[in-house]
Amino acid sequence: MPSPRSELPSDRSAGFDDFSDIDAFIRIPRVNGLAAGPGGRLVAEIAEADQHASRNVPALWELDPAGVHAARRLTFSEKGESGPRFGSDGSLYFSSARPDPQGEDDNGTPAIWRLPERGEAQVVASAPGGLGLIAVAADGTLLASTSVLPGGSLDDDAARRKSRKDAKQTTIWHTGMPIRYWDSELNDVSPRLILVSPDGELTDLAPDADTVNLRGASADLSADGSTIATSWTVRVQGAETRSSVVLIDVSGHTRRVLLAATDEQSYGGPKFSPDGSRIAVTRVTASSPTDTSYDFLEIHPVDRDGRAGDPVPVEVGDLTVGEYRWLDDRTLLVAGDLRSRGAVLVVDAATGSVRTLVDDAVYGGLAPADDGATVYALRNDVGTPNRPVRLSLGDGGRSELPAPGAVAGLPGTLEWVETDVDGLTVGGWLCTPIEATAEQPAPVMLWIHGGPHGSYNAWSWRWCPWLAVARGYAVLMPDPAMSTGYGHAGLNRGWPRRADVVYHECETLFDDVLRRPELDGDHTAMLGASFGGFMANWIAGHTDRFDCIVSHAGLWALDQQHRTTDAAAGKMRVHLHEDDNPDWYRTYSPHYAVDKISTPMLITHGNRDYRVPISEALRLWWELVSRWQGSPETMPHRFLQLTSENHWVLTPSNLRTFNQVLLAFCDQHVRGADPVPDVLPGDAEGSQKLSFLRRVGDGCKPCVSPSSSGRRSTPG
């Protein structure tokens, strides 16, 4: 059954109006992945919000590699299709939880489907815990992921799951750390790697795996289908884990350690060369109070007995590696962040020497064509969402391929800006409304990115500056200390998570751009999420220069957060116990400065956030509300609780409300607009009322009055 069509046609291009209408924005199609196949075929995974904006539903589209014809949709279902992979015979494999017309039971979990070049898609294999497609061998053998209940097997998993479900049993037995990851409970299931034969027979490749060994594993299948390479995680003393890379022989089901982890380093991301003679891996060092973790890309020869030879290091320079794919037996393609943009590198596997193919934007979804001269990729930057492109491996020539979701026009200009900070060059992206002039300067937002190892180098659906620009704001997005794409030195500058270093660099750049006459330095806001939310909380207690502050998923009380986060082992290893490192906690934990907060704050947080648990927001909210000395109705702070969300805001309808509330809160406190309603409308039509609060051009003027602190104040 075809999924309901969204209000906007799938092949449309987005334009200026889509940024002033948030509902239209959340319905722009999103290109999420690519797969290249025999005969020059190219398929993209493209997601759209469903009729009720309850979720983004992915579907598979055939693209024209020549860039002449429009994309053609291949799959239609309410559940969606994802993870496309081509077989050597031209068949397209994918994962989907849609009903099987030929099946007797439908447990609603993803199965692996096969769509031949001609004919209808059919289920290849299914499992009670669902199947996620990882790789396809030349003979049609598949590598997939699934899970079983602890202590069980594939054979009895269905019966055990049914018994547990019927009894409404939700208990989890923990024997160590970790116990959570992002938004998932751990140890309730045991992750497994499954070999799927061409006729659909399932083989558990690691039936002895516990609940930790293959959790979040990165795995690959050799082209001949004989060997699996996978990360293998074990618990060690001190609530820590270590990940090695192991090889699993498919015929004998034997497992051998290829690259062993130590206390100082782990391994992951194994990728076989097409002939199986080499394997590319990432070596990751353990972080410490003086050094962050560093990634090193290596290529290891693998002999016939499954033993690794001396590594060939790949000198990627300042690039922070994001992904890599083999082009052929001798060539590895690498993509990642580079200096607030991105790059694709071509690596000689024998020597590790590197050639830069392109370095103008962020690239991902690398999909080498079978002609050996072309690679397809998804290209994006701050002003452009993912677009499928064809890259020439000779000269890096690029051409965009037709696909849904193109952005035809932006409501402002995008400019790279730089300044000197104590002898270092710090830069960022400045987005300015088209209508901003010296006579009508734009209010300005400072956004600080998460991570802290991240970069404002790419398009974001969750934090899109163009929604604010369409509302009349300028947005500055710096890449300060600890940003990716500036080498190991850049990652370590400001370590361990020193808020004063990051803020000094951001504020210096912010003050520099505020010298422009078209920007209004008297009307400003500061926003951040995750580490940026931590920065927002810290800044709130250390300056009153901003008219309001928005903190999403922000860390508040670090002695609490470091023990309750899913990444507790790493946090405690770096920052130590507060009794052993009191100066750092006193200086950088935002909760120590709560009595100095006078700036109106909007707190937003997801209940299912295990990276920054909801307890951070709950404690911050209590501290703000309980300390407010005025009458309750005049309190300026607000809390948007996202009860079904995790660290991010993924549900389209919640994303709509999140952006509407965020912008309305800033309008109120930066520009003197009407207050955000105390009760948010409960339906999609009603929530649009938030979009029509008074804006620039609608008679909204800043409301300014003196305050005892010397800063501007606005009505609460």
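Structural notes, computed from the coordinates. (Residues numbered from 1 in each chain as written. Predicted model: local features only at pLDDT ≥ 70, side-chain atom pairs only at ≥ 80, totals over all residues. Heavy atoms only, no water.)

Side note on helix H9 (residues 568-575)
Worth spelling out the cut-off: To sort residues, take the accessible area from a 1.4 Å probe on protein chains only and compare it with the maximum for the residue type: under 20% means buried, over 50% means exposed, and anything in between is partly exposed. A helix here means a DSSP run of H or I that spans at least four residues, while a strand means a run of E at least two residues long, and both kinds are numbered starting from the N terminus. By construction, the arc corresponds to the directions joining the helix axis to the C-beta atoms. The contact criterion used throughout is that any non-hydrogen atoms of two residues lie within 4.5 Å.
For H9, the set of buried residues is Ala568, Lys571, Val574 and His575. For H9, the angular spread of buried residues about the axis comes to 140°, placing them on one side. Against helix H8 (558-564) and helix H10 (582-588) lie the buried residues of H9. Just past H9, the residue Leu576 takes up positive phi, approximately 65°.

Some thoughts on the side chain of Thr320
Heads up, the condition is: Pairs of N or O atoms within 3.5 Å make up the polar contacts considered here, provided that, within protein, one atom can donate a hydrogen while the other can accept it, and that residues adjacent in sequence are counted only when both atoms are side-chain atoms.
Tracing the sequence through the fold places Thr320 in strand S23 (residues 320-328). One polar contact links the side chain of Thr320 to the main-chain amide nitrogen of Gly485, over a distance of 2.8 Å. Those residues in contact with Thr320 that lie beyond four places of it in its chain are Gly336, Asp337, Thr484 and Gly485.

Focus on the nonpolar core
This is how it is decided: Put simply, buried Ala, Val, Leu, Ile, Met, Phe, Trp, Tyr and Cys residues joined by side-chain atoms within 4.5 Å make one nonpolar core.
Counting 49 residues, the largest nonpolar core has Met535 and Ile539 as the members making the most contacts within it. When contributions to this core are tallied by element, the ones reaching two or more residues are strand S33 (442-448), strand S34 (474-479), helix H6 (499-513), strand S35 (519-529), helix H7 (531-540), H10, strand S37 (601-606) and helix H11 (614-627). Tallying contributions element by element places H6 first for this core, with eight residues. Core analysis: the next-biggest nonpolar cluster, separate from the first, contains 43 residues, Ile22, Trp466, Ala525 and Phe665 among them.

Comments concerning the pattern of salt bridges
The condition is simple: The term salt bridge refers to a side-chain nitrogen of Lys or Arg lying within 4 Å of a carboxyl oxygen of Asp or Glu.
Within the structure shown, the criterion is met by 35 salt bridges. Put simply, Arg41 and Glu62 hold a salt bridge, and the shortest N to O gap is 2.7 Å. Of the two residues, Arg41 is situated in the loop between strand S1 (30-36) and strand S2 (42-49) and Glu62 in strand S3 (residues 56-63); the sequence distance between them amounts to 21 residues. For Arg41, a relative accessible area of 16% puts it in the buried group.

Digging into the sheet that holds strand S30 (residues 398-400)
Pairing between the strands of a sheet comes from backbone hydrogen bonds, and it takes one of two forms, parallel or antiparallel. Our working rule: Following DSSP output, two strands are said to pair if at least two bridges run between them. In this analysis an axis means a line fitted to C-alpha atoms, helices contributing only their contacting stretch, and an angle means the value between N-to-C directions, from 0 to 180 degrees.
Strand order in the open sheet formed by four strands is S27-S28-S29-S30, and the pairing between neighbours is antiparallel. What marks the edges here is a single partner per strand, and that holds for strand S27 (362-368) and S30. In this sheet, adjacent strand axes meet at a mean angle of 30° when their direction is disregarded. Examined bridge by bridge, S27 and strand S28 (residues 374-381) share five bridges and lie antiparallel to one another. Each residue of the ladder has a partner; that of Val362, found in S28, is Asn380.

Section: the sheet that holds strand S19 (residues 265-272)
If you walk across this open sheet you meet the four strands as S19-S20-S21-S22, and the pairing is antiparallel. Of all strands in the sheet, those with a lone pairing partner are S19 and strand S22 (312-313), marking the two edges. As judged from the seven bridges shared by strand S20 (residues 278-285) and strand S21 (residues 295-301), these two strands associate in the antiparallel manner. Within S21, the residue paired with Arg278 across the bridge is Pro301.

Re unusual backbone geometry
Pro178 follows Met177 through a cis peptide bond whose omega is 0°. Structurally, Pro178 is set in the loop between helix H3 (154-166) and strand S11 (180-181). Along the chain, Gly451 connects to Pro452 via a cis peptide bond; the corresponding omega equals 5°. The backbone of Met482 shows a phi angle near 75°, a positive value even though the residue is not glycine. Residue position: Met482 is located in the loop between S34 and helix H5 (487-492). In this structure, Ser530 takes a positive phi of about 60° despite not being glycine. Topologically, Ser530 is positioned in the loop between S35 and H7.

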